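# Observations on chain architecture
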Amino acid sequence: MFITKPFEEITFDDFVDFSRLSYIYSILNHIDNVVKSDTTEKIIEDFQPLYTAFNSEVKFSLPYYERVVYAMKHLTLNADQERILEITKEYFELSWINLPQEVQEEIKTIDLKLAKLSTDFTNNIVKSKKKFSYQILDIEAIKDLPEATLDAAKKKALQEGKNGYLFDADPTAYWDILMYCSNPTIRRDFAQAKNAFATQWEFDNRPLILEIIQLKDKKAKLMGYKNFAELSLAKKMAKKPEVVRELLDGITQKAREKAYSDVQEVKDFYGIETMEYWDSAFFQRILN
């Protein structure tokens, strides 16, 4: 095993072997996000605790860290390999490789909980969207939708033994409704439904969000940071939350001014006093 391998026998490929697991797991997550199924969900549910625990063991593995340091000093590396090991070394140090054992164990427990919460969060969104169904009987309101979207909605209605057109939470259909549907009530219903996914009943993500925030804050403080924002920025260009806030505030102000200007242009063109957010795409498309 690599962490027991004598230092003088270490090669760069030893480090690459460990990274393949992350690559495989990322592919699995991608497949699950693109083509959600009970099979992939079950695989991730079973594999994720083992994967997270393994990563935690590596993250706080002093033998692994020592071999990274040794490799940087003694192996002949190209520029890419040097950078990979440099990032790995920084990762260990930002994870506080020298934290007391009891603190490391507490962080490992938190990471396991966060991984599970993250999966539950995503699954709630997917399951909540599956419950969304919207039937439209009057073709007049949606006659301008792209033909492919109408055909799909018509086919779905026939499959479920219903009349008219049946829409689900498909994002393409959602944006087509907002841009091409002439009925403002339908546009409102779709927009409000989208904002309500995973916010109620058995798929309510709000308690999960609160728990995630609390666990991330606890983890950051265990690692010596004031809050999770500082921990997150430790490996990024902007080192302080205040710098990020200043940047975002500046962008927000300029974006807000531009948005108000665009909305006013649309309102003036149509001679209307108010415009709801679910109406903007529809009017903007016609104006352009």
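Below is a summary of the structure that appears in this document. (Residues numbered from 1 in each chain as written. Predicted model: local features only at pLDDT ≥ 70, side-chain atom pairs only at ≥ 80, totals over all residues. Heavy atoms only, no water.)

## With respect to the overall build of the chain
Within the chain, the regular secondary structure consists of 12 helices and two strands. Reading the chain from its N end, one meets helices and strands in the order α-α-α-α-α-β-α-β-α-α-α-α-α-α. Its C-alpha radius of gyration of 26 Å places the chain more than 25% over the 19 Å reference for a compact globule of 288 residues. Along the three orthogonal principal directions, the C-alpha set of the chain runs to about 75 × 45 × 40 Å. For the chain, with 288 residues in total, the buried portion stands at 33%. With the model as given, the accessible surface of the chain reaches about 18,300 Å², and the carbon-plus-sulfur share is 56%. (Helix = DSSP H or I, 4+ residues; strand = E, 2+ residues; numbered from the N terminus. Rg over C-alpha atoms; globule rule 2.2 N^0.38 Å. Buried < 20%, exposed > 50% of the residue type's maximum accessible area, 1.4 Å probe, protein only. Areas by Shrake-Rupley, 256 points an atom, 1.4 Å probe, with all protein chains shown as cover.)

## Quick notes on the pattern of salt bridges
Taken as a whole and judged by the stated rule, the model has 18 salt bridges. Put simply, Lys 89 and Glu 93 hold a salt bridge, and the shortest N to O gap is 2.7 Å. Taken together, the positions of Lys 89 and Glu 93, both in helix α4 (residues 79-94) and four residues apart, correspond to about one turn of that helix. Notably, a salt bridge pairs Lys 156 with Glu 160, separated by 3.3 Å at the nearest N-O pair. According to the relative accessible area criterion, Lys 156 is partly exposed, its value standing at 23%. The structure contains a network of salt bridges with shared partners spanning Glu 57, Glu 105 and Lys 108. (Salt bridge = Lys/Arg side-chain N within 4 Å of Asp/Glu carboxyl O.)

## Some thoughts on a nonpolar patch on the surface
Nonpolar side chains collect at one region of the surface, where Tyr 23, Ile 24, Ile 27 and Ile 31 lie side by side and expose about 410 Å² of accessible area between them. Tracing the backbone through its elements, the reader meets Tyr 23 in helix α1 (residues 12-34). Taking relative accessible area as the criterion, Tyr 23 reaches 56% and is therefore assigned exposed. (Patch = residues over 30% accessible without salt bridge, like charges linked within 9 Å, V, L, I, M, F, W, Y side chains within 5 Å.)

## Quick look at helix α12 (residues 280-287)
Those residues of α12 that sit buried are Ala 281, Phe 282 and Phe 283. Taken together, the buried residues of α12 touch α7 (171-180), α8 (184-196) and α11 (241-270). (Contact = heavy atoms within 4.5 Å.)

## Describing helix α6 (residues 147-159)
In an α-helix, one turn spans 3.6 residues; hence positions three or four apart end up facing the same way. When the terminal C-alpha atoms of α6 are compared, their 18 Å separation across 13 residues agrees well with the 18 Å that a helix rising 1.5 Å per residue should span. When α6 is considered as a whole, its buried residues turn out to be Thr 149, Leu 150, Ala 153 and Ala 157. For α6, the angular spread of buried residues about the axis comes to 100°, placing them on one side. Turned more than 90 degrees away from the buried face of α6, the exposed residues are Glu 147, Ala 148, Lys 155, Leu 158 and Gln 159. Considering only its buried residues, α6 is in contact with β2 (165-167) and α7. Immediately beyond the C-terminal end of α6, within one or two residues, lies Gly 161, with a positive phi of roughly 70°. (Expected span 1.5 Å × (residues − 1). Arc of directions from axis to C-beta.)

## Observations concerning the nonpolar core
Counting 23 residues, the largest nonpolar core has Ile 142, Phe 167, Ile 177, Ile 186 and Phe 190 as its most contacted members. For this core, the secondary-structure elements that each account for two or more residues are β1 (134-136), α6, β2, α7 and α8. Leave out the neighbours within four places in its chain, and Ile 142 touches Ile 136, Leu 150, Tyr 165, Phe 167, Ile 177 and Cys 181. Listed in part, the 14 residues of the second largest apolar core include Phe 2, Phe 12, Phe 15 and Ile 97. (Core = buried A, V, L, I, M, F, W, Y, C linked by side-chain atoms within 4.5 Å.)

## Looking at the environment of Phe 228
Summarising the element assignment, Phe 228 is placed in helix α10 (residues 228-233). Here the alpha-carbon distance between Phe 228 and Thr 274, two residues 46 residues apart in the chain, equals 40 Å. If we ignore the near neighbours within four places in the chain, the residues touching Phe 228 are Lys 216, Asp 217 and Ala 220.

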